[in-house]
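Chain residues, written in single-letter form:
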Amino acid sequence: LGDSQSRFSLLSNFASGMLKNIRNEDGGEEAAYTSVDDFVRKLGGNRVIKKVLIANNGIAAVKGIRSIRQWAYDYFHDVHAIKFVVMATPEDVAVNVEYIKMADECVEVAGGSNKHNYANVRLIVEIAIRTRCDAVWVGWGHASENPELPDALAATKERIVFLGPPASAMRALGDKIRSTIVAQSADIPCMKWSGSGLRLPPNVSAVPPEMFDAACVHTVAECKKVAADIGYPVMLKASEGGGGKGIRLVQDEADIANAYLACAGEVAESPIFAMEMATGCRHLEVQLLADSYGNVISLKTRDCSVQRRHQKIIEEGPVLKTVDGVLRKMEQAAVRLAKLVGYVGAGTVEYLYKKDAGNFFFLELNPRLQVEHPVTECITNVNIPAAQLCIGMGIPLYRIADIRALCNLNPFESSEIDFESVEQRQPIGHTIAVRITAENPDDGFRPTSGSIQELVFRPTKTVWGYFSVGSNGGVHEFADSQFGHLFASGSTREDARKAMVIALKQLTVKGEIRTTVEYLIHLLERPEFRNADVSTAWLDRLILRKLRVDQPNKYLAVACAAVRKMQEKFELNRAQYIQFLSAGHTPSPDLATTSFIEVLILNGIKYRVFGSKISPTGWDLALHDSHIQVDVRLLKDRGMLVYLGLKTHIVYAENDPNGYRLNLDGRTVTFTHDDDPTKLRTTVPGKLVRFLVADGDAVAPDSPYAELEVMKMHLHLKTTSVGGVIKLRALEGTTVTVGKVLAELQPDDISKVVRAEENLYDRWPGLASMSRHDTAPEPADLDPAWQATPKAGAASPRLENSASMAEADQEEENLATRVQRAIEVLWWLLSGYDFPPNALEARIQAALDDLCALAQWGSDVRLSALQPPFSWTVPPDVDRNFKTQITFLLGVLVQRFVQVEQFFETATEDEVVEALRERYKTDYPAVFEIVLAHHSTQRHRVVLAILLKVEEMAHTKDFMESLQAISSLSAVRNDIVVLQARHMLRRMHAPSYEDKIGELHVLLRTAADTRDQAKLQALVRQTQFTFDMIALFFTDTNPALQCLSLELFLRRNYHTFTLTELRFRRRGHSWNAQWSFSRPSSYLASEGVGGSCSTIPSTGSMLCELDNPSPQRPIPPPRTISPVPGSANHSPLTTNSEDISFAELLSGPGRRSFPVNPLSMHPATPTTGAPVGSPLAEDSAVLCGHGFLAMFATVGEASAGFDSVVLSHFLAPGGLVGSGGGGALLSERSTSGSLLPTVARRWALEPSVVEVLIYGQTSVEGAEAELSALMSGRRVEALNSQTAVQRVTFVVIMRHRAPFYYTYRRSMAWAEDAIIRSVAPTQAYHMELHRLSNYDMHLYPLNNPRVHVYWGKEKSPAAPTSPTVTTTGHGSSPSFYPVVASGPGTALNLGAAASSATVTASSSSSS
């Protein structure tokens, strides 16, 4: 923005060059001017001007000073040959305006509106005299069209020169009313207006007062009458207005009053006139330059048709696409008008050109320099402000070098020029200018004010510009909204247009203000502008249609805004924490958080984004159940670099009073507040001029209710989309700030009060599912690169769905990269950075898998070559092999956890923070990092996963030091990892799985050999021998061990029951078993069950597990079970049958009870079962019964042998009936329809249960379908009609797995009771699920087989009762723990108000 960036040094190659180059081209010699005095003398001037007062501010002052200094250097090689004095208000000084820095002297003046400073004639004259200025340059705006200023300057003793037209010419043409009367008197075509028909005598330019008054409208009523005569639409104009002020379009009579008052308010005490509104017209201008000797020259033409609110926004020159000869006529008329009034200086005549008819009409003559005059300078190479200075010094036009060069004459000659006949050189290419204004194009170009943090303009050889402010400046509420002007030149219009678009895209303006830059780019790229097919109404039509420039994808904008705000909050919390430490206070632990929620409203839709900080630079953003990861870097200029997908984005943001404004890759998007539409607030600071409605009036939606003065403009504020009765809440004439409530509405229809709509369904695009949380999603409509971030924290995700995934694993992502990423992921998790809980396990596992890849790839990675996010020293022997590498890596990670937790072992957090502050006096951020890590709850899951991985890899001994460090922790919050570490340390000295099997084998052999019941009783209680271990002996070569292991399984499964009459029968290589069982009498007594049961033998009370025993079928007395003879159909499983009991194996013949539950070690008083229908009978009646067990290797074998082994046992205790044996069991029927009516059916009449033990299955896949098919059809009919079997349970035992129980119940029509698939039916009744009869219960899957969680959903909306489930237990351990939301251990009320419940049942150590 320095002087070297002036327009002369930046003209394109097609231009004729600077003044010096022009002289050389024309063959002349450069004149030597030793001083300004010498210059004036040699060029025939009559007044030396060495000091100029700039009676203006903003870009006008900047342009005037720069142009004249460039001229001074060209002629005198001294930029300070002319001294400049400037005026400055406190507001201008505060925003660091540029022109103050450029001046030689600065005079501070009063602030506020311009009547106190730049438009104050008395003040300007006083400063000019006091600072001994020779001339005053006013530029445009303020006092530039006030004829009192040249009169006052001329009346001074020093006769200070006014660098502009004389007062007489200004009065004749500067006033729009007088200029129109003069123009139509000079036969220049004019539009129909309120002064039509008024004419002056020939060669007279002074308008009599009565004629002037006749052309004005003085009242609203008069205005309505004149408008009706002209015809709507009409324009109301203040004659002293300009720059878009004091002009209003009126569509019908209803708008007359407000428009008239607005014009009168914007230009106080200015006369007002009405004029026909020309539609489909272009706004064309002729630039004039006149000297004090009567010479007038036309400096080409300009096209200023692109306007909004009748204020120019894009200008260009020369004019194109007009009827031949029209432009020449415009120029001749303009020169004729200037000569008529004796005009001096620079001026502009404006015309309206009708495209369809090809004719033009006079609009006005501006007796001043206009903002867009540099367009003319570019196409003519005439320095207009310097020409004004020369004219002020009395130099005639024909002696000014630029003018002579334009006329193709030698710049150094002194011959006079006939400007009416001389042939000017052709325009130099084409120039397009755009005004950079502090306006909000999304809000009808509403002016904005505020600070500017950064302003960067990058000029090129074809684009230049100037600004009134720079970086760290601003635009205050009293300034003009325009703070910059850019100019692009090219050999053609299209070249200039392209150059301007590129320049605008490279222009950077950051701050509180809004700018029109993006909107200008859009306009320049629209086809209408590219084809030069625009009119003065073009832009207004676009605004009326609420045209918005292209905005970023909404999801991209939401993601960037959310991560920007979250990062700002995190940094603010961190800064506050450190500030508290520095001040000697203990900060709140709430400041050490990494999880945030942002609610953003975009286009009326509310987006709720959940964010987790996963590393110092990484974030995980969740929108509903979809996630993306972004990585951010803060820039020094308050920007943010966002890595999202395969692209990076530059983000800047400002907290606008009206919302949160985001600049994303040069495009602006605003997130609004969730405002109440019944409260009418101002969105811009200014002065409340007046209310347009009275208090208590009924107002319609979107109707004007107040008038606000902002940056010398009067804006109408409109109501929201809600109509109703208005209540005024502010005073007219007062200054209001942004967000001030001016009025409130009592809505007519409350249903129309609409707030932002919650987004309930939208997800991040392309994120339908992710197997791993750091996997890049598929591309979506955002852009081709909408993928998950290439960096998750410091870790880069992989595109796992890529077609070349195999190659990506080997080439694109080498082993070192994977290990590096894994270390970073785990380190940041251990440092307190959180990850979404639903994906945490997958993320941890993926990182551990990457570390374990060291072994898969041959360990060619050297850890010493890695660069982790922390300082470390790798011992020389670590890289020997994978084992030492993985042990070292995991040890480093665990040590990070231990180091943090050791601080908090024996003291409160406040005490720890105080100690840390003393320890880290010069490094308070380290204290924050320690506290941040301590407060994370996910670190324990990371450490636990590491410990489990170490155990899985059998590296426990190598990890001894880390395990001991964890075990030394004593805080309760670390229990989960401490217990695991201690468990692993114990396991180091405990026998392995194979050792346990060997130990079990020895114990079984010892029990068989010694026949010691105490040893066997202890063996039943030893829970370290799991069912899958016991099952290994089912196929032992020793029949005694087979039988012993089977009875051990049964007694372990029925450990809460008393078993009697336990008998085994060998079936080939397998076994059958039968027994009677009962629940101890102490349990029956605790449940309130009394009476006696005649079926219970004296050896102990029994509990028979029945679902719905039949009360009509009497239970027969106990009997002696006879041996079951074999059958030929059972071969080879039925040979060598032999009855034997576990007790007989130990102590010889006889039957003995072998109770294992401590509560049933002694005989008890017989009791009767609970009556059917009682609470205890709803799930498992308290009765006695019998059991039968059959063993099969696989599910398929069980399906094939179920009829012949299981059903035949109940239907024919002495053997199968008929020659068909088991094969004919389900096919032969009697004539009565029952199965084999002649069978002895003692077992068939006794309530029983069946256990089918499957011990050789390798997988349960498909088992459910096979077993469901088995328990159907005729088998079910046989079970229902021929037996009293209440349930059939298939127990599938696999190595290293807890058993699977597939239970089919009579009460459920032999459907599977899947809710207890992971629980033995003999223990399931402890959970008392029958108490939840009002709920549909579902099992929630868990990895721990000892814990069972159930989800209950209410069956009906209105439950008739409110049952209460309470914690129950036997002995010292509770049976289950009902849980609702908060945790276990309390009663659970499941009344009608509850719609769902969660019940957790936890097996005790004994069960």
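If you're wondering where the values come from, they're calculated on a predicted model, not measured in any experiment. (Residues numbered from 1 in each chain as written. Predicted model: local features only at pLDDT ≥ 70, side-chain atom pairs only at ≥ 80, totals over all residues. Heavy atoms only, no water.)

Draft legend 1. Geometry of the sheet that holds strand 31 (residues 686–691). Taking strand neighbours across the sheet as the criterion, the 4 strands line up as 34-33-31-36 in an open arrangement whose pairing is antiparallel. Two strands bound the open sheet, and with one partner strand each, they are strand 34 (713–718) and strand 36 (735–736). Across 6 bridges, the pairing between strand 33 (residues 704–710) and strand 34 is antiparallel. Of the residues in strand 34, the one forming a bridge with E707 is H716. Seen against the sheet, helix 13 (residues 256–266) touches strand 31, strand 33 and strand 34 and runs at an angle of roughly 145° to strand 34. (Pairing = 2+ DSSP bridges. Helix = DSSP H or I, 4+ residues; strand = E, 2+ residues; numbered from the N terminus. Contact = heavy atoms within 4.5 Å. Axes fitted to C-alpha atoms, helices over the stretch in contact; angles between N-to-C directions.)

Draft legend 2. Expanded view of the sheet that holds strand 12 (residues 345–354). Spatially, 13-12-9-10-11-14-20-18 is the arrangement adopted by the 8 strands of the open sheet, whose pairing is antiparallel. A single partner strand is all that each edge strand has here, and the edge strands are strand 13 (360–366) and strand 18 (463–467). Here the strands of the sheet are splayed against their neighbours by 25° on average, with no regard to which way each runs. Two elements, strand 9 (residues 281–290) and strand 12, share 10 bridges in a ladder whose sense is antiparallel.

Draft legend 3. Here's a closer look at a nonpolar patch on the surface. A cluster of nonpolar side chains, namely I597, V599 and F610, defines an oily patch on the protein surface of about 240 Å² accessible area. By secondary structure assignment, the location of V599 is in strand 22 (residues 595–602). (Patch = residues over 30% accessible without salt bridge, like charges linked within 9 Å, V, L, I, M, F, W, Y side chains within 5 Å. Areas by Shrake-Rupley, 256 points an atom, 1.4 Å probe, with all protein chains shown as cover. Salt bridge = Lys/Arg side-chain N within 4 Å of Asp/Glu carboxyl O.)

Draft legend 4. Examining the pairing of strand 44 (residues 1185–1192) more closely. Judged by how many residues are buried, strand 44 sits mostly within the fold: 8 of 8 residues are covered. Neither face of strand 44 is open: one carries G1185, G1187, L1189 and M1191, the other H1186, F1188, A1190 and F1192, and all of them are buried. As paired strands, strand 44 and strand 45 (residues 1248–1254) are joined by 7 bridges and run parallel to one another. Paired with L1189 across the strands is E1251, a residue of strand 45. (Buried < 20%, exposed > 50% of the residue type's maximum accessible area, 1.4 Å probe, protein only.)

Draft legend 5. Representation of the nonpolar core. Counting residues in each nonpolar core, the largest one holds 126 residues, and the members touching the most others are F39, V52, W71, I314, I436, F483 and L504. Ranked by residues supplied to this core, first place goes to helix 4 (residues 58–76) with 10 residues. When near neighbours in sequence (up to four residues on either side) are disregarded, V52 contacts I82, K83, F84, V85, C133, A135, W137, L163 and L389. Counting residues in each nonpolar core, the second largest holds 108 residues, with L664, L890, V927 and F928 among its members. (Core = buried A, V, L, I, M, F, W, Y, C linked by side-chain atoms within 4.5 Å.)

Draft legend 6. Spatial organisation of the pairing of strand 17 (residues 450–456). As judged from the 3 bridges shared by strand 17 and strand 19 (residues 473–475), these two strands associate in the antiparallel manner. Across the sheet, S451 pairs through a bridge with G474, a residue of strand 19. Bridge count between strand 17 and strand 21 (residues 508–511): 4 bridges; the pairing is antiparallel. Paired with L455 across the two strands is V509, which belongs to strand 21.

Draft legend 7. Representation of the side chain of T516 in the model. Looking at where T516 falls in the secondary structure, it is placed in the loop between strand 21 and helix 19 (517–525). Since its relative accessible area comes to 0%, T516 is described here as buried. Of the polar contacts made by the side chain of T516, one reaches the side chain of T437; its length is 3.4 Å. Excluding anything up to four places from it in sequence, T516 contacts R435, I436, T437, E439 and F445. (Polar contact = N/O pair within 3.5 Å; in protein donor to acceptor, adjacent residues only side chain to side chain.)

Draft legend 8. The arrangement of the pattern of salt bridges in detail. Counted under the stated rule, the structure contains 59 salt bridges. In this structure, the salt-bridge partner of R282 is D303, at a minimum N-O distance of 2.7 Å. Residue R282 is found in strand 9, and its partner D303 is found in strand 10 (residues 296–308); the two are separated by 21 residues along the sequence. Among the residues examined, R282 registers a relative accessible area of 4% and is labelled buried. Judged by relative accessible area, D303 falls into the buried class, the value being 8%. The partner of R973 in a salt bridge is E901, and the shortest N-O contact between them spans 3.7 Å. One end of the pair, R973, is in the loop between helix 30 (960–967) and helix 31 (975–989); the other, E901, is in helix 26 (residues 882–903), and 72 residues separate them in sequence. What makes R973 partly exposed here is its relative accessible area of 34%.

Draft legend 9. Just the packing of helix 32 (residues 993–1010) against helix 33 (residues 1013–1021), in detail. The contact between helix 32 and helix 33 brings their axes to 9 Å, and the two run at 150°. Considering their axes alone, helix 32 and helix 33 lie roughly antiparallel with respect to each other. The handedness of the crossing between helix 32 and helix 33 comes out as left-handed. Contact with helix 32, carried on its side by L1000, L1003, L1004, T1006, A1007 and T1010, involves K1015, L1016 and L1019 of helix 33 and no other residues of that element. Considered class by class, the residues forming the contact of helix 32 with helix 33 number 6 nonpolar, 2 polar and 1 charged. (Parallel < 35°, antiparallel > 145°, perpendicular 65-115°, else oblique. Left-handed = near helix turned anticlockwise from the far one by under 90°. Nonpolar A, V, L, I, M, F, W, Y, C, P; charged D, E, K, R; others polar.)

Draft legend 10. The arrangement of the confidence of the model for the protein in detail. Averaged over every residue, the pLDDT of the protein is 78; the share at 70 or more is 80%. Below a pLDDT of 50 lies the segment residues 1213–1242, which in the model reaches 50 contacts outside its immediate sequence neighbourhood of four places, other chains included. Predicted confidence for residues 1359–1407 stays below pLDDT 50, and this span has 125 contacts to residues more than four positions away or in other chains. (pLDDT = per-residue confidence, 0-100.)

Draft legend 11. Unusual backbone geometry, seen in detail. With omega at 0°, the peptide bond leading from Y232 into P233 counts as cis. With respect to the helices, strands and loops of the structure, P233 is situated in the loop between helix 12 (220–230) and strand 6 (234–242). Backbone geometry at D187 places phi at a positive 65°, although glycine is not the residue there. With respect to the secondary-structure elements, D187 resides in the loop between helix 10 (176–185) and helix 11 (209–214). Owing to a relative accessible area of 58%, D187 belongs among the exposed residues under this scheme. We note that A1309 has phi near 55°; this positive angle belongs to a residue other than glycine. Counting through the fold element by element, A1309 comes out in the loop between strand 47 (1300–1305) and strand 48 (1311–1312).

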